[in-house]
Amino acid sequence: MHDVDELINNVRHNEQIALRFFDIERCILSIGRCDQFVSTLTKEVQKQFSVPFVWVNLINEAPLAHLVESLDKSTGLKDRVLFTRRSALIDAIGVGNKTVLVNQNVEKYREITPSVYRGIIGSVAISPLTMDGEIVGLFCQADESPDRYDPYTKDTFLLDQLAIKISICLSNVTAREKLEYLATRDPLTGLLNRRQLELMLDREFARSKRQKRDLTVVFIDCDAFKSINDTLGHNCGDEVLEYIAKRLLKYIHKQGLAFRFAGDEFVFVTPGKSYDQAISIAESIHDYLQANPLRYRNNLVPITISYGGASVISDSPSSYKQLLKTADERLYHYKNNRKRLVPTKVFKFLNKIR
Ligand SMILES: Nc1nc2c(ncn2[C@@H]2O[C@H](COP(=O)(O)OP(=O)(O)OP(=O)(O)O)[C@@H](O)[C@H]2O)c(=O)[nH]1
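Rules behind the numbers
Residues numbered from 1 in each chain as written. Predicted model: local features only at pLDDT ≥ 70, side-chain atom pairs only at ≥ 80, totals over all residues. Near = placed C-beta within 6 Å. Helix = DSSP H or I, 4+ residues; strand = E, 2+ residues; numbered from the N terminus. Nonpolar A, V, L, I, M, F, W, Y, C, P; charged D, E, K, R; others polar. pLDDT = per-residue confidence, 0-100. Pairing = 2+ DSSP bridges. Axes fitted to C-alpha atoms, helices over the stretch in contact; angles between N-to-C directions. Contact = placed C-beta atoms within 7 Å. Core = buried A, V, L, I, M, F, W, Y, C linked by C-beta atoms within 7 Å. Buried ≥ 20, exposed ≤ 12 C-beta atoms within 10 Å, placed from the backbone. Expected span 1.5 Å × (residues − 1). Arc of directions from axis to C-beta. Domains from an automatic or database assignment. Parallel < 35°, antiparallel > 145°, perpendicular 65-115°, else oblique. Left-handed = near helix turned anticlockwise from the far one by under 90°.

Participant: Please give an account of the site of the ligand that cites residues and values.
Facilitator: Around the ligand lies a shell of 15 residues, among which Phe225, Lys226, His234, Gly237 and Gly263 are the nearest. Residue assignment for the shell around the ligand shows that the elements contributing at least two residues are β6 (215–222), α7 (225–232) and α8 (234–252). Partitioning the shell around the ligand into residue classes produces five nonpolar, five polar and five charged.

Here is the structure:
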């Protein structure tokens, strides 16, 4: 009779856990954005199972690399998501690809633990997250008490079940995010594409007029790019574009957004910045590129750019299209005025290696 009671109790207990799993799954299944997914998932598990610390480690390479940028920007997720090297994930989980419980030498797992939890965790359950059979992340639950996830007394079956459900939902959400990423980005440089530029300008132009707040756009074009392509090859041309894009992102940082417009033309938009402020950003990018040629195989490829800008306050355009047109015309004016000067450096270099 005692055995039967215990059996019934176990069934009830498992049924309760299954219901909580169902609640968690219901909450995360239809989420389309990864930041919301991580946020809801970790909060739900915390709530349903009263776990004090819950976080996710995601791999910082394909197939999840496209998430790094957006999740890194989400300040609310700082303690809930970490991007980690594949080898650190595999070291933590071992070859069994099953949940691992740890309550000794927890410091060994520093790399996969958010800095705020280091030193206060007594035990942790680390479950693998997989996509197409490959490990892509870890789902971690931790407690101050060393007994909560004791490897000698606790079973991991239910934690493995939960990790499988989370993995399925993660596959869904990343597939959706990837589609959105591909639709909005230039595949070579990762910058936002021209369509996104137009959508942003349409929105920001109206806001700028309404609030009488400046909005500046700046075109940037690589000088003699075709000759670099023709002399050093298309791969080198691609690297030049990626190099410029990286610098552009670094200089724009939180001041605005950068886009690849077409071919070797880029645009950046700085809401709230005056014409002079935006042009000084372009000058800094220009000076950096001029002083730091791209290393390509055994060559140091000189890169120079031309730029031209326009702003809502100083140019009073009637539409965002006119704002773009004015900036583009200034770029070509700038380019033509100095065509015989700066690009000569590039041509001289290219002639030497021809
Ligand atoms: N490598 C590479 N080349 C590209 C890409 N997209 C466009 N191009 C090439 O970029 C070149 C742009 O040529 P132009 O507009 O004449 O540019 P340019 O030689 O810099 O001339 P100026 O602007 O007058 O200095 C063309 O030859 C395109 O084929 C790309 O994604 N990768």
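Participant: Break down the confidence of the model for the protein chain for me, citing the residues and quoting the values.
Facilitator: Summing up the model confidence of the protein chain, the mean pLDDT is 90 and the portion of residues at 70 or higher is 96%. The ipTM value of the predicted complex is 0.96, and its pTM value is 0.74.

Participant: So what's going on with the sheet that holds strand β3 (residues 100–102)? Residues and values would help.
Facilitator: Taken in spatial order, the five strands of this open sheet run β2-β1-β5-β4-β3, and their pairing is mixed. Strands at the two margins of the open sheet, each flanked by one partner only, are β2 (81–84) and β3. Direction aside, neighbouring strands of the sheet carry axes that sit 25° apart on average. Relative to strand β5 (residues 134–143), strand β4 (residues 123–131) is paired through nine bridges, and the arrangement is antiparallel. Each residue of the ladder has a partner; that of Ala125, found in β5, is Gln141. Relative to the sheet, helix α2 (residues 34–49) contacts β1 (53–59), β2 and β5, its axis offset from that of β1 by approximately 145°.

Participant: For the pairing of strand β7 (residues 257–262), give the residues involved together with the corresponding values.
Facilitator: In terms of strand pairing, β7 meets strand β8 (residues 265–271) through five bridges, oriented antiparallel. When the bridges of β8 are listed, Phe259 appears paired with Val267. If you look at the hairpin formed by β7 and β8, you'll find two residues sitting between the two strands, and Gly263 has a positive phi there, around 40°.

Participant: Summarise the nonpolar core; cite the residues concerned and give the values.
Facilitator: Formed by 45 residues in total, the largest nonpolar core has its most connected members in Val81, Val102, Val124, Ile126, Leu138, Cys140 and Ile166. The element that contributes the greatest number of residues to this core is helix α5 (residues 157–184), accounting for seven residues. When sequence neighbours within four positions are dropped, the list of residues in contact with Val124 reads Val102, Val106, Tyr109, Cys140, Gln141, Ala142 and Tyr149. Val218, Ile228, Ile281 and Leu331 belong to the second-largest nonpolar core, a separate cluster that totals 43 residues.

Participant: Mind laying out helix α9 (residues 275–291), listing which residues take part and the relevant values?
Facilitator: With 17 residues, α9 ought to run about 24 Å at 1.5 Å a step, and its terminal C-alpha atoms sit 24 Å apart, in line with that. Among all positions of α9, only Tyr275, Ala278, Ile281, Ala282, Ile285 and Leu289 are buried. The arc that holds the buried residues of α9, viewed along the axis, is 135°, so those residues lie on one side. Of the residues in α9, the exposed ones pointing more than 90 degrees away from the buried face are Asp276, Ser280, Glu283, Asp287 and Ala291. Considering only its buried residues, α9 is in contact with β6, α8, β8, β11 (305–311) and α10 (312–315).

Participant: An account of the environment of Ser167 is requested, with residue identities and associated values reported.
Facilitator: Mapped onto the elements, Ser167 comes out in helix α5. The exposure class of Ser167 is partly exposed, given the 19 C-beta atoms found within 10 Å. Counting along the chain gives 145 residues from Ser167 to Val312, while the straight-line C-alpha distance between them is 48 Å. Apart from the residues lying within four places of it in its own chain, the contact partners of Ser167 are Leu129, Thr130 and Met131.

Participant: Explain the domain arrangement of the protein chain to me, and be specific about the residues and the numbers.
Facilitator: Looking at the assigned domains, one finds that the protein chain contains domain 1 (2–184) and domain 2 (194–353). When each unit is reduced to the centre of its C-alpha atoms, the spacing between domain 1 and domain 2 is 42 Å.

Participant: Explain the packing of α8 against α9 to me, using residue names and the numbers behind them.
Facilitator: At a minimum axis separation of 10 Å, α8 and α9 run at an interaxial angle of 140°. In this view, α8 runs oblique relative to α9, as classed from their interaxial angle. For α8 against α9, the interelement crossing comes out right-handed. Residue-level contacts link Ile244, Arg247, Leu248, Tyr251 and Ile252 of α8 to Ile281, Ser284, Ile285, Tyr288 and Leu289 of α9. Along the lines of polarity and charge, the residues of the contact of α8 with α9 split into eight nonpolar, one polar and one charged.

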